[in-house]
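# Notes for the structure review
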Amino acid sequence: MYFSNHNEAVTFSYTYGGPLEVEIDKEGPVCKEDTDVYPLADKDWTKEHSYIGLTKGITEVKAGFLESFKNLNALIISRSVTKIEMTPQLKKLLSKNNVLIRGEYNTYAESFAKENGLKFLQADILLAIDCNEEHCENTFITLQFFPDGKANIKYDVFSVGISAGNNGGGTYERELPNDFWKGCTVEKFADNFPERLREALLKNKELEHFLTAVNKKV
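Per chain, residues are indexed from 1 in the order of the written sequence. This being a predicted model, a pLDDT of at least 70 is required before a residue's local features are given, and a value of 80 or more before pairs of side-chain atoms are given or counted; all residues contribute to the totals for chains, interfaces and linings. Working from all heavy atoms in the structure, the side-chain values ignore hydrogens and water.

## A look at the sheet that holds strand S2 (residues 10-14)
Between any two strands, pairing holds if DSSP finds at least two bridges. Numbering of helices and strands starts at the N terminus; helices are DSSP runs of H or I of at least 4 residues and strands are runs of E of at least 2. Sheet architecture is open: 8 strands sit in the order S5-S1-S2-S3-S6-S8-S10-S11, paired in mixed fashion. Two strands in the sheet have a free side with no partner beyond their single neighbour: strand S5 (37-38) and strand S11 (120-122). With 5 bridges joining them, S2 and strand S3 (residues 20-24) adopt antiparallel strand pairing. Within S3, the residue paired with Thr 11 across the bridge is Glu 23. The sheet strands contacting helix H2 (residues 108-115) are strand S8 (74-77), strand S10 (100-103) and S11, and the helix crosses S10 at an angle near 160 degrees. For this analysis, residues touch if any pair of their heavy atoms sits within 4.5 Å. Inter-axis angles, ranging from 0 to 180 degrees, are taken between N-to-C directions of lines fitted to C-alpha atoms, where helices are fitted over the stretch in contact.

Listed below in structure tokens is the structure:
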């Protein structure tokens, strides 16, 4: 994890296989100066990351921030973002790298992709966390979307290991039909899961927004 020297509210976190998540403690913008980070990072640390996630709370991306990530090829834009300041350098970077834009339908993310001639893909949705207290196990359940039109349900299982500081668990996936969303409501979607998860699924606003929006596009 890195912390911005410019704004103590801005942090950068990374989990192998996922995006570099840009986070902010309170709503506000991010700017080029925020990429000056500590603990001391390699001068070109931004070149190590090609998948960037602008998380909830970020409202604007100022000129120079995204341009710092020269190898950018995929960008997640949360619904809180309402403006990305465009520069000739950023426009060139987005086009040259054919950057994939991810986010929610009918938000700034989709508009940004369309305005810049870029591909848009629905962002993955954390559906629920299944807590098994008896076995000290938590399962993070995510609806994943892929550029080829496929989707699946990913289960990340975390459990206590055999010693202190050791974690067990694993990951498995369940494929979904390409048109699983057609005519599907949150209620119908929840029918495919154990009853203990139903309340969490029915309250999942991102899931509801996706199902409503994608069916209106048909």
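Next comes the rest of the description.
## A few points about the pairing of S2
Within S2, 4 of the 5 residues are buried, which leaves the element mostly enclosed by the surrounding structure. In this sheet, S2 lies alongside strand S1 (residues 2-4) in antiparallel orientation, the contact comprising 2 bridges. Residue pairing in the sheet places Phe 3 in a bridge with Thr 11 of S2. Counting the residues in the hairpin turn of S1 and S2 gives 5 residues. Hairpin connection from S2 to S3: 5 residues lie between these consecutive antiparallel strands, with Gly 17 at a positive phi of about 90 degrees. Working definition: with a 1.4 Å probe on protein chains only, accessible area under 20% of the residue-type maximum means buried, over 50% means exposed, and in between means partly exposed.

## Here's the deal with the pattern of salt bridges
Between Lys or Arg on one side and Asp or Glu on the other, a salt bridge is scored when a side-chain nitrogen of the former is within 4 Å of a carboxyl oxygen of the latter. Taken as a whole and judged by the stated rule, the model has 9 salt bridges. Lys 203 is the partner of Glu 199 in a salt bridge, and the nearest nitrogen-oxygen pair spans 2.8 Å.

## Some remarks on the packing of aromatic side chains
The pairing test for Phe, Tyr and Trp rings, Trp by its six-membered ring, is centres within 6.5 Å, and the orientation test on the planes gives stacked under 30 degrees, edge-to-face over 60, and tilted for anything in between. Counting across every chain of the model gives 16 aromatic pairs. Between Tyr 155 and Tyr 172, the ring centres sit 4.6 Å apart and the planes meet at 5 degrees, which makes this aromatic pair stacked. Of this pair, Tyr 155 sits in strand S14 (residues 151-160) while Tyr 172 is found in strand S15 (residues 167-176), placing the two residues 17 residues apart along the sequence. Taken together, the aromatic side chains of Tyr 105, Phe 120, Phe 145, Phe 180, Phe 189, Phe 193 and Phe 210 make up a single cluster linked through ring pairs. We call a charge positioned over a ring when the NZ of a Lys or the CZ of an Arg lies within 6 Å of the ring centre and within 35 degrees of the ring normal. One cation-aromatic arrangement involves Arg 174 over Phe 193; the distance from NZ or CZ to the ring centre is 5.5 Å.

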